[in-house]
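What the coordinates show
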Amino acid sequence: MFRSKAERKVQEAGYDPARLPPGQYLTEKWPVLHAGSVARYDDLTAWSLRVFGEVENELELTWEEFNALPRSSNVQDIHCVTRWSKFDTGFDGVHWRELAKLVRPTSAARFVVAHAEAGFTSNVPLSHLEDEHALLATHGDGEPLTPDHGYPLRLVIPGKYFWKSAKWLRGIELTSVDRPGFWERYGYHNDADPWAEERYSF
Ligand SMILES: Nc1nc2c(c(=O)[nH]1)N[C@H]1C(S)=C(S)[C@@H](COP(=O)(O)O)O[C@H]1N2
Ligand SMILES: [Mo]
C-alpha cells in the first residue's frame with residue numbers, strides 16, 4: 001500500500017502521502033539547520049541587500065527600501081536533505097520580479113548566486129528565482145523570521161532541497177555561468193531535486 005512507514009505516517013497526519021518525496025519523513029515542527037552560527041542583528045541600520053552582476057542597474061537597498069516593495073505570499077512544502085519535510089509552510093516577502101524591474105537583468109543573466117552572512121552561498125538557475133513560488137521572505141508561518149530561520153531575510157526556492165534557500169540573505173548575484181555554492185562545493189548535488197533524490201553529487 002505505502003512505499004514506507006514514513007508515508008503511512010503522512011496519511012495518518014491527514015495529508016496525501018504523494019506529497020512526501022522519496023527517503024523523506026514528515027515533521028510537524030520547523031527544524032533549524034545550518035552551518036556555522038546564527039547571524040544576530042541589534043538593529044537593521046547597517047543592513048542592506050545588494051543585487052549585482054549581470055544587471056543593467058546594480059542596486060543596494062536598505063531595510064526600509066526593501067520593505068517598501070510590493071509584497072507576495074505563498075504556502076509550500078519544504079524538504080531538507082537530512083530527510084525532514086515540513087508541509088504547508090507559509091512565507092511572506094517580496095518576489096524577485098519586483099527587484100528585476102529595478103535592476104533589469106542583462107540578456108546574459110542565466111544563473112543566481114545567493115550571498116548570505118558569513119560567506120554562505122547557494123546557486124540556482126535564474127528560472128528558479130523567477131518561479132511564482134520563489135520569495136525573498138521576511139516572514140515564515142505568519143511571523144517575522146526568527147534569528148534561527150534567517151531574520152531578517154531569507155531566500156525561498158520552491159521544489160528544491162531547502163539548502164538552496166539561503167538564510168540571512170544579503171545579496172543576489174546574477175551570472176552568465178553557474179557557480180557552485182557552499183553546500184554544492186561540499187559535495188551536495190547541484191540540482192537538488194527532492195523528487196529525484198538529488199542529494200549528493202558523489
Ligand atoms: N546562510 C545559510 N543559509 C542556509 C543554510 C546555511 O548553512 N547557511 N543551510 C540551509 C539548509 S541545509 C537548510 S535545510 C535550511 C534550513 O532552514 P531552517 O533552519 O529555517 O529550517 O537553510 C538553508 N539555508
Ligand atoms: Mo538542509
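In this report, the structure presented in the accompanying data block is examined. Nothing here was measured: the structure is a model prediction, and the numbers come from that model. (Residues numbered from 1 in each chain as written. Chains lettered and ligands numbered in written order. Predicted model: local features only at pLDDT ≥ 70, side-chain atom pairs only at ≥ 80, totals over all residues. Heavy atoms only, no water.)

Description of the pairing of strand S5 (residues 84–94)
For S5, the tally of buried residues reaches nine of 11 residues, placing the bulk of the element in the interior. Looking at chain direction, strand S1 (residues 25–26) and S5 are connected through two bridges and run parallel. Within the sheet, the bridge partner assigned to Leu 26 lies in S5 and is Ser 85. Inspection of the sheet shows strand S4 (residues 72–79) paired to S5 by seven bridges, in the antiparallel sense. Bridge assignment links His 79 to a residue of S5, and that residue is Ser 85. Hairpin remark: S4 followed by S5, antiparallel, with four residues in the connecting loop; positive phi at Arg 83, about 95°. Sheet topology note: the S5/strand S8 (residues 135–140) ladder contains four bridges and is antiparallel. Across the sheet, the residue bridging to Asp 92 is His 139, located in S8. (Buried < 20%, exposed > 50% of the residue type's maximum accessible area, 1.4 Å probe, protein only. Helix = DSSP H or I, 4+ residues; strand = E, 2+ residues; numbered from the N terminus. Pairing = 2+ DSSP bridges.)

Some points on the environment of Ala 68
Residue position: Ala 68 is located in the loop between helix H2 (63–67) and S4. Judged by its relative accessible area of 63%, Ala 68 is exposed. Taking the C-alpha atoms as reference points, Ala 68 and His 34, 34 residues apart in sequence, are found 29 Å from one another.

A closer look at the packing of aromatic side chains
Scanning the model with the defined rule gives 16 aromatic pairs in all. Ring geometry for Tyr 15 against Phe 87: centres 5.0 Å apart, planes inclined by 85°, an arrangement best described as edge-to-face. Highlighted residues: Tyr 15 in the loop between helix H1 (5–12) and S1 and Phe 87 in strand S5, separated in sequence by 72 residues. Relative to Tyr 200, the ring of Tyr 188 lies with its centre 5.3 Å away and its plane at 90°, an arrangement referred to as edge-to-face. A residue pair is termed long-range when its members are at least 10 positions apart, and Tyr 188 in the segment after helix H5 (182–185) and Tyr 200 in the segment after H5 qualify at 12 residues. With a relative accessible area of 14%, Tyr 188 lands in the buried category. Against the face of Phe 87 rests Arg 19, its NZ or CZ located 4.5 Å from the ring centre. The ring of Trp 30 has Lys 86 sitting right over it, with the charged end atom 5.4 Å from the ring centre. (Phe/Tyr/Trp six-rings, centres within 6.5 Å; stacked < 30°, edge-to-face > 60°. Lys NZ or Arg CZ within 6 Å of the ring centre and 35° of its normal.)

Considerations on the site of ligand 1
For ligand 1, the set of nearby residues contains 19 residues, the closest of which are Pro 31, Ala 35, His 149, Arg 154 and Lys 167. The separation between an oxygen atom of ligand 1 and a polar main-chain atom of Ala 35 is 2.8 Å. A distance of 2.7 Å separates an oxygen atom of ligand 1 from a polar atom in the side chain of Arg 154. Considered on its own, ligand 1 offers 540 Å² of accessible surface; in the complex 99% of this is hidden by protein. Per-class residue counts for the shell around ligand 1 are 14 nonpolar, three polar and two charged. (Near = heavy atom within 4 Å. Polar contact = N/O pair within 3.5 Å; in protein donor to acceptor, adjacent residues only side chain to side chain. Areas by Shrake-Rupley, 256 points an atom, 1.4 Å probe, with all protein chains shown as cover. Nonpolar A, V, L, I, M, F, W, Y, C, P; charged D, E, K, R; others polar.)

Considering the sheet that holds strand S6 (residues 111–116)
The strand order across the open sheet formed by five strands is S3-S2-S11-S6-S7, and the pairing between neighbours is mixed. Edge positions in the sheet fall to strand S3 (59–62) and strand S7 (121–125), since each of these pairs with one other strand and no more. Strand after strand, the sheet turns through a mean of 15° between neighbouring axes, direction not considered. In the sheet, strand S2 (residues 48–53) pairs with strand S11 (residues 169–175) via four bridges, with the strands oriented parallel. Note on S11: the bridge partner recorded for Gly 53 is Leu 174. Across the sheet, helix H3 (residues 96–103) is in contact with S2, S3 and S11; its angle to S2 comes to roughly 60°. (Axes fitted to C-alpha atoms, helices over the stretch in contact; angles between N-to-C directions. Contact = heavy atoms within 4.5 Å.)

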